[in-house]
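Close look at the chain arrangement
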Amino acid sequence: MEILVAGGAGYIGSHTCVALLKEGHRVVVADNLCNSKAETIHKIEQITNKKVVFYQIDVTKEEDIRPVFSKHQFDGVIHFAGLKAVGESVKEPLKYYYNNVLSTIMLARMCQEYKVNRFVFSSSATVYGENEIPFVETMNLLPTTNPYGETKVISERILMDMQKANPEFCVSLLRYFNPIGAHDSGLIGEMPNGIPNNLMPYITQVAKGKLNKLKVFGKDYPTVDGTGVRDYIHVMDLAEGHVLALEKLTKGVQIYNLGTGQGTSVLQLIRAFEEANHIQVPFEISERRPGDIAEFYADASKAERELEFTARRGILDMCRDAWRFEKNLG
Ligand SMILES: NC(=O)c1ccc[n+]([C@@H]2O[C@H](COP(=O)([O-])OP(=O)(O)OC[C@H]3O[C@@H](n4cnc5c(N)ncnc54)[C@H](O)[C@@H]3O)[C@@H](O)[C@H]2O)c1
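The model shown is predicted, which means the values in this text are computed figures rather than measured ones.

Definitions and limits used
- Residues numbered from 1 in each chain as written.
- Predicted model: local features only at pLDDT ≥ 70, side-chain atom pairs only at ≥ 80, totals over all residues.
- Heavy atoms only, no water.
- UniProt positions renumbered as here; feature names shortened; annotations may be inferred.
- Helix = DSSP H or I, 4+ residues; strand = E, 2+ residues; numbered from the N terminus.
- Phe/Tyr/Trp six-rings, centres within 6.5 Å; stacked < 30°, edge-to-face > 60°.
- Buried < 20%, exposed > 50% of the residue type's maximum accessible area, 1.4 Å probe, protein only.
- Lys NZ or Arg CZ within 6 Å of the ring centre and 35° of its normal.
- Axes fitted to C-alpha atoms, helices over the stretch in contact; angles between N-to-C directions.
- Left-handed = near helix turned anticlockwise from the far one by under 90°.
- Contact = heavy atoms within 4.5 Å.
- Nonpolar A, V, L, I, M, F, W, Y, C, P; charged D, E, K, R; others polar.
- Near = heavy atom within 4 Å.
- Polar contact = N/O pair within 3.5 Å; in protein donor to acceptor, adjacent residues only side chain to side chain.
- Areas by Shrake-Rupley, 256 points an atom, 1.4 Å probe, with all protein chains shown as cover.
- Pairing = 2+ DSSP bridges.
- Salt bridge = Lys/Arg side-chain N within 4 Å of Asp/Glu carboxyl O.

1. Details of the UniProt feature "domain: NAD-dependent epimerase/dehydratase" (unreviewed entry) in the protein
In the numbering adopted here, UniProt assigns the feature "domain: NAD-dependent epimerase/dehydratase" (unreviewed entry) to residues 3-259. Along residues 3-259 the backbone is 40% helical and 19% strand, and the end-to-end C-alpha distance reaches 24 Å.

Written as structure tokens, this is what we have:
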């Protein structure tokens, strides 16, 4: 298939391009590089030994995206082109609603006009809000605590309504848990701007000496050791999940959790990183961060049943691959 990967120069998008190319699909990337670099496209080509067609464009702009749809005959679209910093979304809600919702509308509209009937969307476990764990796809969604989360809920709703009105249009809503790690070549991985918001890039930067100490937010949660528990999934497993979701998408709206079903606490992740890489990660406990949930992980059984998707890589692989990438950054 020829697939448009919107946001394909980013962290999850670039790994998904690798997985798509490995399975023999053709890849066209549309990315405005607002949170990524053009060199990532070359790295994808280097890993796979295949060509990637790249357009540096903003997918919210019709004048940018229309020529791409008229030039290519896509079999499907995967939409990663979103802003993702939760804290920033609280401070700049309009920027988030504008970019994340309009990108969904614009890509869906192009699909309708150019008769592209497969659409895979990057959603997030954040749409579950503070539901009971494990999170299951059939749960009623509870309010999220920030505009970022709302853009995911709204985008899901838009795509479901679009599917209802156009039965030949098929949508897969993929609710990611916590992707970490990197491709095992060490060539692509997560490259946050400034001080990382997420735990793993923070750990790798402390291990490297770029940052002094890791701050662990809260040690009094009702969890195994008092620190927050998340469901970490290797980014290459997540990427392979996209290929399966795309290939098996033949009707309606399909919703899948992409996680491992296993919870890991902050302290467990630090220990795993130290064990995998034989390096110390100094940390200190600080106050809870407002808006953080104590614990969540996926019920991963639907993706396993219907997509035959299971995460193959463990926590130690995630830690090793994340560290290899960070070291290669120089
Ligand atoms: N990383 C996570 O933990 C996580 C978890 C759940 C969901 N998601 C979602 O997955 C998607 C990808 O996340 P990521 O971690 O790879 O983020 P990322 O920032 O690395 O990748 C997003 C890419 O989209 C591009 N982009 C953003 N707006 C664009 C626009 N208007 N036009 C063209 N390109 C645009 C950016 O330049 C970037 O390359 C996002 O939608 C994010 O919300 C991420």
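More follows now that the structure is in view.
2. Side note on the packing of aromatic side chains
Summed over the entire model, instances satisfying the criterion amount to eight aromatic pairs. Ring geometry for Phe135 against Phe296: centres 5.3 Å apart, planes inclined by 10°, an arrangement best described as stacked. Separated by 161 residues along the polypeptide, Phe135 in the loop between strand S5 (118-124) and helix H6 (147-165) and Phe296 in the loop between strand S13 (283-286) and helix H10 (301-307) bring together distant segments of the chain. Per residue, the accessibility class of Phe135 equals that of Phe296, and both read buried. Among the aromatic residues, ring-to-ring pairing joins Tyr128, Phe135, Phe177 and Phe296 into one connected group. Above the plane of the ring of Tyr221 lies Arg288, whose end atom (NZ or CZ) is 4.1 Å from the centre. In this structure, Lys302 packs its charged tip against the face of Tyr256, placed 4.8 Å from the ring centre.

3. Thoughts on the packing of helix H3 (residues 62-71) against helix H5 (residues 93-114)
With their axes 10 Å apart at the nearest point, H3 and H5 run at an angle of 35° to one another. By crossing handedness, the relation of H3 to H5 is classed as right-handed. Note on element contacts: H5 touches H3 through Met106, Leu107, Arg109, Met110, Cys111, Glu113 and Tyr114, opposite Glu62, Ile65, Arg66, Phe69 and Ser70. Classifying every residue of the contact of H3 with H5 gives seven nonpolar, one polar and four charged.

4. Considering the site of the ligand
The ligand sits among 27 residues. The nearest are Asp31, Asn35, Ser36, Lys84 and Tyr148. Between the ligand and Val59, the relevant distance is 3.0 Å, taken from a nitrogen atom to a main-chain nitrogen or oxygen of the residue. Taking Lys84, its side chain carries an N or O atom lying 2.8 Å from an oxygen atom of the ligand. Its free accessible area being 820 Å², the ligand has 95% of it covered by the protein chains. Every element with two or more residues in the shell around the ligand is listed here: helix H1 (11-22), S5 and H6. When residues of the shell around the ligand are assigned to their parent elements, the largest contribution, three residues, is made by S5. Along the lines of polarity and charge, the residues of the shell around the ligand split into 12 nonpolar, 11 polar and four charged.

5. So, the sheet that holds strand S11 (residues 253-258)
Within the open sheet, the seven strands sit side by side as S3-S2-S1-S4-S5-S6-S11. Their pairing is parallel. At either margin of the open sheet sits one strand with a lone partner, and together these are strand S3 (53-55) and S11. Pairwise comparison of adjacent strand axes, ignoring direction, gives a mean angle of 20° for this sheet. Two elements, strand S1 (residues 2-6) and strand S4 (residues 76-79), share four bridges in a ladder whose sense is parallel. Opposite Leu4, over in S4, you have Val77 as the bridge partner. Along the sheet, H3 makes contact with S1, strand S2 (26-30), S3 and S4, crossing S1 at roughly 170°.

6. Details of the pattern of salt bridges
Counted by the stated rule, this structure contains 21 salt bridges. For Asp220, the salt bridge is made with Arg288, and the minimal N-O distance between the two is 2.9 Å. Pair noted here: Asp220 is in the loop between strand S8 (214-217) and strand S9 (229-230) and Arg288 is in the loop between S13 and H10, with a separation of 68 residues, a long-range link. A residue is classified by how much of its surface remains accessible, and Arg288, at 41% relative accessible area, is partly exposed. Where Glu240 meets Arg313, a salt bridge forms, and the shortest distance between an N and an O atom there is 3.0 Å. Here Arg313 lies in the loop between H10 and helix H11 (315-328) and Glu240 lies in helix H8 (residues 235-247), a separation of 73 residues in the sequence. For Glu240, a relative accessible area of 25% translates into the label partly exposed. Taken together, the salt bridges that share partners define one network made up of Glu62, Arg66, Arg109 and Glu113.

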